[in-house]
Amino acid sequence: MASDSEESPMLEPTAHESIYDRFVPHQKRWILFHVSFVGLLAMFVQVTFVPSIPQIAKDLNVTDAVVSLAFSLSIFANAIGELIWSTYSSFFFEFNPSLSDGRRPIYLWGMPFLCVGSCGVALSASLQSLLFWRFVQMFGCSGALSLGAGVIGDIYKLEERGTAIGAFVSVTIIGYAVAPFVGGAATQYWSWRNLHYSIGAWGLLEMLFIYLSFPETTHPGTLGIDKLPSRRSMHIAWINPLSSLWLLRSPNLFAVMLVSTIITNTNYILLVPLAYTIGVRYGITNEAIIGAFFLPNGLGSFTGALIAGRLSDTVVRRWREKRGGAWCPEDRLRAAWIGGFIVPLSIGASGLITTYIGGPIGLGLNILCLYANGVGVDLVLNPINTYNVDVMHSRSAEATAACMASRSLIMSAATAVIVPSIERMGVAWTDIIAAVFAVIGQWILSLTIRYGDRMRASIDVGFSTLENN
């Protein structure tokens, strides 16, 4: 019987792949470590706020619903920041050789916003000041995920990229899993104000580490600043940060953005109202314990991200071998199919269990559903995030930001109706409707895989080819 290597042609390296040898493996791991921990910090900033809402409302003498507006505002700030930071990562200030690059200065300029915003949140004495400083805080760390994906696209070649992005996402997901518990415990036993002081100090340390040891990763000759004539004096290039959104006129990019939004929505529907669903149903009022219910979902996301990264690379490699070395970007999306089935099943089951099964059994089954939903969501999101980098390699941070920002804008509106929907229709129907939308998302993804080449041909926004990816 012939071996696999005899049945499938070996993939020949392209001339472009030599650019990924600029950094040796240990340097790549160090860079990946850097961007992963910035992403971890960004996730801590976003999620630690949720279990603190009741105590913040009490301290500021307002209702929980009013304080929850700060969470929706933070999603909006994240969307705006993603667009601004990612756009300027490829076209930045020309006044200092150490800052005239693409990715590195964005990290350095974003961290002060995070540090000052965190201190502002901690000092807030009114709702208005809280909302303002929360916006500044989230704006400062908003580019972490899109820039991280862009950096990984800079240093890892096509068939290694999914695994690296999977590792990156899995580290950030640790924050998603642990931050609610930390936020709840800090609120219960310490102070939510001191928590935000600590986040500001963490941001200051990250900025110092990046300044001292983070290299520029953007490929030589691809920066917007490289196209300008040399100037001795400071030159600031003003560009439109909303231009990244114009990439979504591509049917492919719009389709995967829509799918990722629908899938992420199931996560928010399960987690945002935890205190009002699982908390009320099973008599849990302690903020630390409610925060701990994020752990199974975060653990599931961690597992899903690691599996999806390696799985998507394997799928790309095998389909290229089947095609004799030809590359179809949509092959990576085939790795999302499994997650596309897990997500609707997990959220639909959780709604029914919360409504009809009480006691320890119902609570245990809900924990299982939270874990399964985390696995399923990241089995879908990881291939989509890597697909955005694949098809728009030279503008990978912008493509990722356009997807994430649009998703955040939609989710900032969607999160505002989650609790009213549960109050009006109940947990079961709210979750079932979300499950139906998730099935529709799976159908959209299947169409994108099947007709992706025609969709790309209909509107070309500068897609990458095998020769320049």
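From a predicted model like this one, the values you see are computed outputs, not experimental measurements.

### A look at the confidence of the model for the protein
Then, in step 1: Mean pLDDT over the protein: 81, with 87% of residues reaching 70 or higher.
Then, in step 2: Confidence, expressed as mean pLDDT per element, reaches its minimum in the protein at helix α1 (residues 4–7) with 40 and its maximum at helix α14 (residues 337–356) with 94.
Then, in step 3: Contacts of residues 1–9 to residues separated by more than four positions or lying in other chains number five contacts, the stretch itself having pLDDT below 50.
Then, in step 4: Confidence drops under pLDDT 50 across residues 92–101; counting only partners more than four residues distant or on other chains, this segment forms 32 contacts.

### Points about helix α9 (residues 192–213)
Then, in step 1: Taking 1.5 Å of rise per residue, 22 residues should cover 32 Å, and α9 covers 32 Å from first to last C-alpha, within 8% of that figure.
Then, in step 2: Listed as buried for α9 are W192, L195, H196, I199, G200, G203, E206 and I210. Down the axis, α9 shows its buried residues gathered within 145° of arc, on one side only. Exposed residues lying more than 90 degrees from the buried face of α9 are L204 and L212.
Then, in step 3: Where α9 is buried, its residues meet α2 (25–47), α3 (53–60), α5 (103–123), α6 (127–141) and α8 (158–189).

### So, a positive patch on the surface
Then, in step 1: Positive charge collects at one region of the surface, where R310, R317, R318 and K322 lie side by side.
Then, in step 2: Taking relative accessible area as the criterion, K322 reaches 64% and is therefore assigned exposed.

### A look at the environment of V391
Then, in step 1: Its location among the elements puts V391 in helix α15 (residues 359–391).
Then, in step 2: Judged by its relative accessible area of 1%, V391 is buried.

### Looking at the packing of aromatic side chains
Then, in step 1: Considering all chains together, one arrives at six aromatic pairs under this definition.
Then, in step 2: Seen in terms of ring centroids, Y107 and F214 are 5.5 Å apart; in terms of plane orientation they differ by 80°. Their pairing is edge-to-face. Pair noted here: Y107 is in helix α5 and F214 is in the loop between α9 and α10 (251–271), with a separation of 107 residues, a long-range link. With respect to burial, Y107 and F214 carry one shared label: buried.
Then, in step 3: Ring pairing ties together the aromatic residues W30, F33 and F37, which thus form one cluster.
Then, in step 4: In this arrangement the basic side chain of K322 is found over the ring face of W319, its NZ or CZ atom lying 4.6 Å from the centre.
Then, in step 5: It is R334 that lies over the ring of W319; its NZ or CZ is 3.9 Å from the centre.

What counts, and at which threshold
- Residues numbered from 1 in each chain as written.
- Predicted model: local features only at pLDDT ≥ 70, side-chain atom pairs only at ≥ 80, totals over all residues.
- Heavy atoms only, no water.
- pLDDT = per-residue confidence, 0-100.
- Helix = DSSP H or I, 4+ residues; strand = E, 2+ residues; numbered from the N terminus.
- Contact = heavy atoms within 4.5 Å.
- Expected span 1.5 Å × (residues − 1).
- Buried < 20%, exposed > 50% of the residue type's maximum accessible area, 1.4 Å probe, protein only.
- Arc of directions from axis to C-beta.
- Patch = residues over 30% accessible without salt bridge, like charges linked within 9 Å, V, L, I, M, F, W, Y side chains within 5 Å.
- Areas by Shrake-Rupley, 256 points an atom, 1.4 Å probe, with all protein chains shown as cover.
- Salt bridge = Lys/Arg side-chain N within 4 Å of Asp/Glu carboxyl O.
- Lys, Arg positive; Asp, Glu negative; His and termini not counted.
- Charge placed at Lys NZ, Arg CZ, Asp CG, Glu CD.
- Phe/Tyr/Trp six-rings, centres within 6.5 Å; stacked < 30°, edge-to-face > 60°.
- Lys NZ or Arg CZ within 6 Å of the ring centre and 35° of its normal.

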